[in-house]
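# Survey of secondary and tertiary structure
Spelled out, the chains give:
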Amino acid sequence: MKTVYMLWLRQLKRHFRSKSRIIGSLGQPILFLVALGFGFGPIYQKAGGGNYIQFLTPGIIAMSTLFTATFMGIELIWDKEFGFLKETLVAPVSRFKIMLGRTLGGATVAVLQGLIVFLISLFIGFRPNLVALPLAILFLALIAIIFTALGTAIAAKMEDMHGFQLIINFLIMPLFFLSGAIFPMNGVAKEIKYIVLINPLTHGVEGLRASLTGTLGLGVTVDLIILIGVALLFVGIGSYLFSKVEV
Amino acid sequence: MSEEKIIEVKSLTKKFREFTAVHNISFEVHKGQIFGFLGPNGAGKSTTIKILTTLLHPNSGKILVDGKNPVTQPNEVRKAFGIVFQDPSLDDELTAWENMEFHGVLYSIPKQLRRQRMEQLLKIVELWARKDELVKRFSGGMKRRLEIARGLMHHPKILFLDEPTLGLDPQTRNNIWEHIKELNKKEGVTVFFTTHYMEEAQRVANYICIIDRGKIIAKGTSAELKKKTKTKSLEDAFIKLTGRNIREEEATPLDNLRMRRRVWGRRR
């Protein structure tokens, strides 16, 4: 247990010691929030959608967590490169514990980044329903765990950082745009609807939006169950691939 | 030194695709020995160490480290050894102290003993005054020293040292070897090391194995090797055995990344 804690703590220390990292990873979500929020706001309202900031903010919080989490997972590549991974791999600790500590650490950082965006959004007019905030954090944590584990799984298979842009542009970005984070997915074509439904982020965004601004119903329970299932699956896959890493 | 064997390697072979890094090698290391594993660049030294320390899986061969098989009982084997790697394995974003602490927790050294050894070792490598600085601010030599101090923290049965003293000044090299020899004498720690300093090998190793192009080409004490090759120093014996050609090492993508980092790192 102590080793899992140690690995968790290391991820937090690394992240929060570097101011440029924190600010750097806040830049994109804030830009999206301000640019899209104020840019599309009037059109969204005219189309009868209501207040766009209310709709958009949960999506941007999810986005911030999504990107931070994926990056925290893929960061495993740097540990391979800087050699630190070897230090943990030769220690008499099971690889599952190493993977678990890293994933929980990365996920914690991602949740905190999401919460920082949440706090900032209050200043630009987001008015959430605070009663279900714990539920919102739970959804955020599930998104964080899923994508840290996914990042770790990918990094376990990657040899260097060259593939990083590929992963971001062809996997993470599409998942983000097809999750309903920045526009509603009600009207899309049927074929795309399937992709939207199997995208775990869709359920994360939906759950987050429902707990922050909407009404809680059966849909939220379904989202929760799906996310927990996917999280377990991805942590399992991540651990398996991580256990096969050779350096 | 006892007759008991702590490392046994029989017909070990490791291939990377078409390239055979280690070809059918056999050797054994006795308990309490200081075993020098020498060879030119790319001879297969680090590959062998990686296999013995569970980081790589062999293609064939029988290996026992402290009586256990690194392939099937990796966790048992990992409890038996400590290692100082050839290339860096510190976390640059943590302090020297945190790196040591992390290691101590990974190896479940009780807190009191851990703190005591951290202080002792950081003083030996003369980093005690800078223990709270981030490792990324350290020079290459300081990082090396920290790495060695960390590797010596948990007093393992076997200590692997892959070119431990590379790039260190003679004073530091001496201090470190004094400490290692003391561990060897007092606690019976078996030492398995590689080095390119033949004079160092001659002085500290009580048994030497020379590997070249993935094959073991000579074994014996330093005196035996000199006698066999009719040379006066281990360096001459080594050159006579392995030839004068300079070896090329094939670079992996990871090596390329590391190289790039070294190049960019200097700009800071």
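Residues numbered from 1 in each chain as written. Chains lettered and ligands numbered in written order. Predicted model: local features only at pLDDT ≥ 70, side-chain atom pairs only at ≥ 80, totals over all residues.

### Here we look at the overall build of chain B
Summing up its helical and strand segments, chain B has ten helices and nine strands in all. Its C-alpha atoms give chain B a radius of gyration of 19 Å, near enough to 18 Å, the size a compact globule of 268 residues would have. Taking the principal axes of its C-alpha atoms as reference, chain B extends roughly 50 × 45 × 40 Å. Expressed as a percentage of its 268 residues, the buried residues of chain B come to 39%. (Helix = DSSP H or I, 4+ residues; strand = E, 2+ residues; numbered from the N terminus. Rg over C-alpha atoms; globule rule 2.2 N^0.38 Å. Buried ≥ 20, exposed ≤ 12 C-beta atoms within 10 Å, placed from the backbone.)

### Brief notes about the sheet that holds strand β4 (residues 60-65) of chain B
Residues and elements named next belong to chain B. Read from one edge to the other, the open sheet built from three strands follows the order β2-β1-β4, with strand pairing classed as antiparallel. Each of the sheet's edge strands pairs with one partner strand only, and the pair in question is β2 (19-30) and β4. Averaged over all pairs of adjacent strands, the angle between strand axes in this sheet comes to 15 degrees, irrespective of strand direction. Summarising the sheet, strand β1 (residues 5-16) and β4 pair through five bridges and their orientation is antiparallel. (Pairing = 2+ DSSP bridges. Axes fitted to C-alpha atoms, helices over the stretch in contact; angles between N-to-C directions.)

### Structural notes on the sheet that holds strand β7 (residues 190-194) of chain B
Residues and elements named next belong to chain B. Spatially, six strands are ordered β5-β6-β7-β3-β8-β9 in an open sheet, and the strand pairing comes out mixed. Both edges of this open sheet fall to β5 (81-84) and β9 (215-220), since each of them pairs with a single strand only. Across the sheet, the mean angle separating the axes of adjacent strands is 15 degrees when strand polarity is ignored. Across the sheet, helix α9 (residues 234-242) is in contact with β3 (34-38), β8 (207-212) and β9; its angle to β8 comes to roughly 30 degrees. (Contact = placed C-beta atoms within 7 Å.)

### Comments concerning the confidence of the model for chain B
On average, residues of chain B score 89 in pLDDT, and 91% of them are at 70 or above. Two summary scores accompany this predicted model of the complex, namely pTM at 0.87 and ipTM at 0.87. (pLDDT = per-residue confidence, 0-100.)

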